[in-house]
Amino acid sequence: MRINEWVSSIADAGRDLLQRSRNGKNGRNIRDLCVELCSSKGEAMGTAIAQEVVQAYFALDEEQKLDFYRLLLSDYSPDRAAILEQLEKYQQADDPDVLQRLGEVVEGPRRRLFRRINMAPYGTSTVLRMRQDLLTCLRDHPELKPVDSDMVYLFRSWFNRGFLTLETISWRTPAHILEKLIAYEAVHEMQGWDDLRRRLADDRRCFAFFHPALPDEPLIFVQVALVKGMAGNVQALLAEPGSQAMEEFDTAIFYSISNCQQGLKGISFGNFLIKQVVLELSREFPQLKNFATLSPIPGFRRWLSREIDDVNSSLLTDLQKTSLEPLRTTNWHSNEMISEAMKPLLIALCAHYLAEVKRVDDPLDPVQRFHLGNGARVERLNWMADSSANGIQQSAGMLVNYGYHLSKVEANHEAFVNTHKVVVSNDFKKLNEEGKELLKAEKL
């Protein structure tokens, strides 16, 4: 029996108790239901009320949802006076009971409410949907940030790695899950079932994390290509398979990692996923020597556009800015003369972006932060590696390989976390130095 089915049986038992306790009165609003849920003691009745809260939430329109989040902020935030009272008591005496009570009042009723909603059948997916809806409101209502912070706090516990299962996705996986892979693919869009079939061929592997409360919903999935040597072009990687035998492959290329649940934004699973997939692949294919990504550089063009528009840019000369004007057109890459003319400068700038451009202490690029944080190093920059419209728009068609060298992953991770070091290969270091010389020469 699945978890949601088991919880549903408890909710059914509690529904009769609930009807008797209310003397047949129905139609309570979500405000009253939340009060009732927080005051309920029994598991069966509490599960039934939680189910009613779930149903009431999905009946809300957008404005009513905003009112609900405001209710969570105003009526379910921690009580400051109670916190100060318990803190004063604990300062007076190192009493474990007082410390426990202090922890309870600091946590506040909002987290307890979310935990009780989670008791409902499909309660976990409902709280995830609540956060997804809340995230769209935060842009215009930043005062709701404490509500979001409580959800993130709980999700880090509910979606702890220990609860997750890694599953291999194949053509034999149920169709309703395969459909979601097509819908959730966020890096290289899938063109329907034929494209998916190619990505699940013998020289490909796909892995996903699942949670027991969401058995039909992948949380994150990674697509892997088995190749010989380092791959440097995603269109070639996604093409029909060649004639190589499986025993000839020596490299696993992670070419797409997609988060599937918007409500889990900011909850990282990728580091666990990559490490476990490496172990799975190593067991299945002992001949694999190299593990690397073929990754997008989603922030490069945005950063470069700001540099081009900055009249006080210390990086680009006016002549260089003029030479980059074709970037404002949509098909510049189709003109070989224009593309080749811009190639040295764009490669130099992209190498500079990856090696030097920071957000506070860490790299500006989010994908780079992710992989360096997992212990990878910047391996190689690839020119015209993604000629799709998205690839041209994001990074002028360039992709980067991040290498996962198993003997150095932990050291690289520690260097990045503790000293913000951007670990790069010798080849990439040389490329960046050559780029600096090119940029410097243009200024003379």
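Note that residues are indexed from 1 along each chain, following the sequence as it is written. pLDDT decides what is reported in this predicted model: residues at 70 or higher carry local features, side-chain atom pairs at 80 or more are listed and counted, and totals for whole chains, interfaces and linings draw on all residues regardless. Excluded from the side-chain calculation are hydrogens and water; included are all heavy atoms of the structure.

Comments concerning the overall build of the chain
The helix and strand tally for the chain stands at 20 helices and nine strands. Projected onto its principal axes, the C-alpha coordinates of the chain cover approximately 80 × 55 × 45 Å. By residue count, 48% of the 444 residues in the chain fall in the buried class. Between two residues, a contact is recorded if the distance between any of their heavy atoms is within 4.5 Å. A fraction of 72% describes how many contacts in the chain between residues 6 or more apart in sequence connect residues 24 or more apart. Shrake-Rupley sampling with a 1.4 Å probe provides the accessible areas, and residues are treated as covered by the protein chains on show and by no other component. For the chain, the accessible area works out to roughly 22400 Å², and carbon and sulfur atoms hold 51% of it. Residues scored as positive are Lys and Arg, those scored as negative are Asp and Glu, and His as well as the terminal groups of each chain are ignored. The atom standing in for a charge is NZ when the residue is Lys, CZ when it is Arg, CG when it is Asp and CD when it is Glu. Positive and negative charge centroids in the chain, built from 54 and 61 side chains respectively, lie 2 Å apart. In this description a helix means any DSSP run of H or I spanning at least four residues, a strand means any run of E spanning at least two, and both kinds are numbered starting from the N terminus. Exposure is judged per residue with a 1.4 Å probe applied to protein chains only, and the accessible area is read against the type maximum: over 50% gives exposed, under 20% gives buried, and values in between give partly exposed.

Focus on helix 10 (residues 175–184)
All of the buried residues along helix 10 are Ile177, Leu178, Leu181 and Ile182. One face of helix 10 carries all of its buried residues, which in axial projection span an arc of 150°. In this structure, the buried residues of helix 10 make contact with strand 1 (165–169), helix 11 (193–199), strand 2 (204–210) and strand 3 (220–227). The directions from the helix axis to the C-beta atoms form the arc being described.

Things to note about helix 5 (residues 80–92)
Under the 1.5 Å per step criterion, the end-to-end length of helix 5 is 19 Å for 13 residues, consistent within 8% with the ideal 18 Å. Under this definition, polar contacts are N or O atom pairs within 3.5 Å; protein pairs additionally need one hydrogen-donor-capable and one acceptor-capable atom, and for neighbouring residues in sequence, both atoms have to be side-chain atoms. Measuring from the side-chain oxygen of the N-cap residue of helix 5 to the backbone nitrogen of Ala81 gives 3.0 Å; that N-cap residue is Asp79. Given a helix with a known number of residues, its expected span is that number minus one, times 1.5 Å.

Let's talk about unusual backbone geometry
Despite not being glycine, Tyr122 has its phi angle at roughly 65°, a positive value. Secondary-structure assignment places Tyr122 in the loop between helix 7 (109–117) and helix 8 (123–138). The backbone of Val360 shows a phi angle near 60°, a positive value even though the residue is not glycine. As for its placement among the helices and strands, Val360 is situated in the loop between strand 6 (358–359) and strand 7 (362–363).

Focus: the packing of aromatic side chains
Stacked, edge-to-face and tilted are the three classes for Phe, Tyr and Trp ring pairs, Trp counted by its six-membered ring, which pair at centre distances within 6.5 Å; planes under 30 degrees apart are stacked, over 60 edge-to-face, the rest tilted. Following the criterion strictly, the structure yields ten aromatic pairs and no others. Taking 6.1 Å as the distance between ring centres and 55° as the angle between the ring planes, the aromatic pair formed by Phe68 and Tyr69 counts as tilted. With relative accessibility at 2%, the residue Phe68 sits in the buried group. Relative accessible area serves as the criterion here: at 0%, Tyr69 is assigned to the buried category.

A closer look at the environment of Met130
Assignment of secondary structure puts Met130 in helix 8. Among the residues examined, Met130 registers a relative accessible area of 0% and is labelled buried. Taking the C-alpha atoms as reference points, Met130 and Phe207, separated by 77 residues in sequence, lie 27 Å from one another. Excluding its chain neighbours within four sequence positions, the residues that come into contact with Met130 are Tyr57, Phe68, Tyr69, Phe114, Ile117 and Met151.

Thoughts on the pairing of strand 9 (residues 399–403)
Two faces belong to every sheet, and in a regular strand the side chains alternate between them. Within strand 9, five of the five residues are buried, which leaves it mostly tucked inside the rest of the structure. Alternating positions in strand 9 separate into two faces, Leu399, Asn401 and Gly403 on one and Val400 and Tyr402 on the other, with burial throughout. Where strand 8 (residues 377–382) and strand 9 come together, five bridges link them in antiparallel fashion. Pairing of Val378 across the sheet is with Tyr402, part of strand 9. Any two strands with at least two DSSP bridges between them are considered paired.

Points about the environment of Leu128
When you line up the elements, Leu128 lands in helix 8. Along the sequence, Leu128 and Gly263 sit 135 residues apart, while their C-alpha atoms lie 4.8 Å from each other. Other than its neighbours up to four places away in sequence, Leu128 contacts Phe155, Phe159, Leu214, Gly263 and Leu264.

Re the packing of helix 8 against helix 9 (residues 145–158)
Interaxial angle, 0 to 180 degrees, is taken between N-to-C directions of lines fitted to C-alpha atoms, where a helix line uses only the stretch in contact. Two elements in contact, helix 8 and helix 9, have axes whose closest approach is 10 Å; the angle formed by their N-to-C orientations is 145°. As for the relative orientation of helix 8 and helix 9, their crossing is left-handed in sense. Of the residues in helix 9, those in contact with Val127, Leu128, Met130, Arg131, Leu134, Leu135 and Leu138 of helix 8 are Lys145, Val147, Asp148, Met151, Val152, Phe155 and Trp158. Residue polarity is assigned by list, with Asp, Glu, Lys and Arg as charged and Ala, Val, Leu, Ile, Met, Phe, Trp, Tyr, Cys and Pro as nonpolar; anything else, Gly included, falls into the polar class. Class assignment of the residues belonging to the contact of helix 8 with helix 9 gives a composition of eleven nonpolar, no polar and three charged. Here a crossing is called left-handed whenever its near helix is offset anticlockwise from the far helix by less than a right angle, and right-handed whenever the offset is clockwise.

Some points on the confidence of the model for the chain
It should be kept in mind that the predicted coordinates are not to be read in detail where pLDDT is low. Confidence of the prediction at every residue is given by pLDDT, a number between 0 and 100. Taken residue by residue, the chain gives an average pLDDT of 90. The fraction at 70 or more is 93%. Every residue in residues 10–14 scores below 50 in pLDDT, and together they form ten contacts with partners more than four places removed in sequence or on other chains.

Digging into the pattern of salt bridges
Criterion for a salt bridge: a side-chain nitrogen of Lys or Arg within 4 Å of a carboxyl oxygen of Asp or Glu. Scanning the model with the defined rule gives 24 salt bridges in all. Between Glu433 and Lys436 there is a salt bridge, and its shortest N-O distance comes to 3.7 Å. Highlighted residues: Glu433 and Lys436, both in helix 20 (residues 426–443), separated by three residues, approximately one helical turn. Exposure remark for Glu433: the relative accessible area of 38% places this residue in the partly exposed category. Taken together, the shared-partner salt bridges in this structure form one network comprising Lys65, Arg129 and Asp133.

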